[in-house]
Amino acid sequence: MKLEELGEFGLIERIRKGLPKSDDFLGVGDDCAIIPCGDKELLVSVDTLIEGVHFLKDTDPYLLGRKSLSVNISDIAAMAGLPKWAFLSLSLNKSRDVSWIDTFMSGFLDIAKEFNVFLLGGDTTSSDVLTISVTIIGENEKGGSIKRSGAKVGDLVAVTGRIGCSYAGLLALENGFRKYNELKLTHLNPYPKVKEALLIKEYATAMIDISDGLVQDCNHICEESGVGMKLYWERIPFCYADFVNKEDMLCGGEDYELVVCFDRKFEDKVKDLDGFTIIGEVVQGSRVSVLKDGIDVELNNCGFKHF
Ligand code: ADP
Ligand code: MG
């Protein structure tokens with residue numbers, strides 16, 4: 001069988017099945033692994049950015065430096081943890097200008113400083129294709145991390161921010177639109193929602209960051225929690241971008257907003273939190289459905305997959 005038939009998530013599941021099971025830690029299947037550490041737990045995740053796949057050639061190196069770390073910090077936010085330490089692996093072509101790397105590093109270190117993250121090491125190799133891989137380590141109090149697997153039937157579902165702005169920004173960049181700078185920046189310079197995660201942590205049963213698209217990432221919560229989800233079109237805070245279909249906004253990736261499930265008894269508390277919108281509920285089932293005027297929206301081939 002070829003990888004394209006198995007798909008990205010089929011491959012991850014195949015790798016996962018071959019691993020020994022243990023109750024000592026949480027491994028494959030969430031935004032971060034959870035490793036117990038005294039009265040705390042460590043959160044660890046790795047994310048790779050490849051030129052031509054994750055970013056366009058000639059992307060501003062300062063913003064790329066920021067984004068390389070931001071998307072990793074976002075995985076710590078998705079567990080409601082605090083980011084602490086990072087490792088940076090760079091694969092570069094020898095003809096690359098050193099000033100490009102200096103600028104990249106100043107972006108990386110600026111976001112590191114904003115979130116109190118320390119760069120502790122990494123790896124440097126040569127490659128024709130610019131590849132950036134960041135490992136992040138975060139921290140939480142023991143049992144404090146919010147997993148993808150905790151959603152319960154009857155919970156409500158909320159999101160931070162607006163949905164689809166990063167995808168709209170990417171389209172604006174790819175098509176060379178002159179306007180839409182703010183949307184382009186949402187794509188190039190996402191801001192991890194660590195603060196928001198800490199605000200909602202005490203009410204949350206399950207959480208994920210939106211890296212692959214709202215619908216696909218909600219489906220990850222459904223799979224890990226063994227539930228279904230209903231999202232109500234009219235309540236979704238779509239991005240203001242008149243040149244993009246709303247259906248595509250539900251499927252486009254890299255919003256780096258949070259999706260969070262919580263017990264409905266906290267509805268009023270969550271309504272009072274800044275920056276959250278309640279968009280749906282957890283139901284029996286196994287998949288997400290998006291309802292517009294009560295009718296299921298067709299979302300074919302929805303969400304970013306590498307294969
Ligand atoms: P995210 O979008 O939050 O970065 P991914 O979709 O990349 O998460 O990964 C889903 C889960 O699969 C994570 O728990 C990740 O650690 C795990 N995973 C992905 N690729 C591999 C791999 N090659 N080997 C082991 N685990 C993997
Ligand atoms: Mg994630």
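Residues numbered from 1 in each chain as written. Chains lettered and ligands numbered in written order. Predicted model: local features only at pLDDT ≥ 70, side-chain atom pairs only at ≥ 80, totals over all residues. Heavy atoms only, no water.

What is the right way to read the site of ligand 1 from this model?
Near ligand 1 the following residues occur: Phe-9, Ile-12, Ile-15, Val-28, Gly-29, Asp-30, Asp-31, Asp-47, Asp-75, Arg-148 and Ser-211. Between Asp-30 and ligand 1, the recorded distance is 2.7 Å, taken from a backbone N or O atom to an oxygen atom. Here an oxygen atom of ligand 1 sits 3.2 Å away from a polar atom, N or O, in the side chain of Arg-148. Considering ligand 1 on its own, with 550 Å² of exposed area, one finds that the protein chains cover 64% of that surface. At three residues, helix α2 (residues 8-17) tops the list of elements feeding residues into the shell around ligand 1. Of the residues that constitute the shell around ligand 1, the class distribution is four nonpolar, two polar and five charged. (Near = heavy atom within 4 Å. Polar contact = N/O pair within 3.5 Å; in protein donor to acceptor, adjacent residues only side chain to side chain. Areas by Shrake-Rupley, 256 points an atom, 1.4 Å probe, with all protein chains shown as cover. Helix = DSSP H or I, 4+ residues; strand = E, 2+ residues; numbered from the N terminus. Nonpolar A, V, L, I, M, F, W, Y, C, P; charged D, E, K, R; others polar.)

Explanation requested: the packing of helix α5 (residues 165-174) against helix α6 (residues 181-188) in the structure shown.
Geometry of a packed helix pair, given as the angle between the helix axes and the separation of the axes. Across the interface, α5 lies against α6 with an axial gap of 7 Å and an inter-helix angle of 110°. Between α5 and α6, the crossing angle belongs to the class labelled roughly perpendicular. In this structure, α5 contributes Cys-165, Ser-166, Ala-168, Gly-169, Leu-170, Ala-172 and Leu-173 to the contact, and α6 contributes Leu-183, Lys-184, Thr-186, His-187 and Leu-188. (Axes fitted to C-alpha atoms, helices over the stretch in contact; angles between N-to-C directions. Parallel < 35°, antiparallel > 145°, perpendicular 65-115°, else oblique. Contact = heavy atoms within 4.5 Å.)

Would you explain the state of the cysteines in this entry?
A disulfide bridge is the covalent bond that connects two cysteines by way of their sulfur atoms. Overall, the coordinates contain two disulfides when judged by the stated rule. Disulfide partner of Cys-165: Cys-239, at an S-S distance of 2.2 Å. Judged by the sign of its S-S torsion, about 105°, the cystine formed by Cys-165 and Cys-239 is right-handed. Here Cys-165 is found in helix α5, whereas its partner Cys-239 is found in the loop between β8 (228-232) and α9 (246-251), with 74 residues between them in sequence. Overall, the relative accessible area of 11% leaves Cys-165 in the buried class. (Disulfide = S-S within 2.5 Å. Buried < 20%, exposed > 50% of the residue type's maximum accessible area, 1.4 Å probe, protein only.)

How do you make sense of the coordination of the magnesium ion (ligand 2) when you look at a structure like this?
Four donors placed tetrahedrally around a metal ideally meet at 109.5 degrees, and six donors placed octahedrally ideally meet at 90 or 180 degrees. At this site the magnesium ion (ligand 2) is bound by Asp-31 (OD), Asp-75 (OD) and Asp-209 (OD), with donor distances of 2.1 Å. Here the donor residues of the magnesium ion (ligand 2) are spaced in sequence according to D-x43-D-x133-D. Here Asp-75, found in helix α3 (residues 61-77), pairs with Asp-209, found in strand β7 (residues 204-209); they are 134 residues apart in sequence, far enough to count as distant. (Donors = N, O, S within 2.8 Å, 3.2 Å for Na, K, Ca; no water.)

Where do I start with the pattern of salt bridges in this structure?
Pairs can form between side chains of opposite charge whenever their charged atoms are close. Evaluated as defined, the whole model comprises 13 salt bridges. A salt bridge links Lys-84 to Glu-139; the shortest N-O distance between them is 3.8 Å. Of this pair, Lys-84 sits in strand β3 (residues 82-92) while Glu-139 is found in strand β5 (residues 131-141), placing the two residues 55 residues apart along the sequence. Of the residues examined, Lys-84 reaches a relative accessible area of 27% and is grouped as partly exposed. Between Lys-201 and Glu-141 there is a salt bridge; the shortest N-O distance is 3.2 Å. Residue Lys-201 is located in the loop between α7 (194-200) and β7, and its partner Glu-141 is located in strand β5; the two are separated by 60 residues in the primary sequence. Connected through shared salt-bridge partners, Glu-13, Arg-16 and Glu-224 make up one network. (Salt bridge = Lys/Arg side-chain N within 4 Å of Asp/Glu carboxyl O.)

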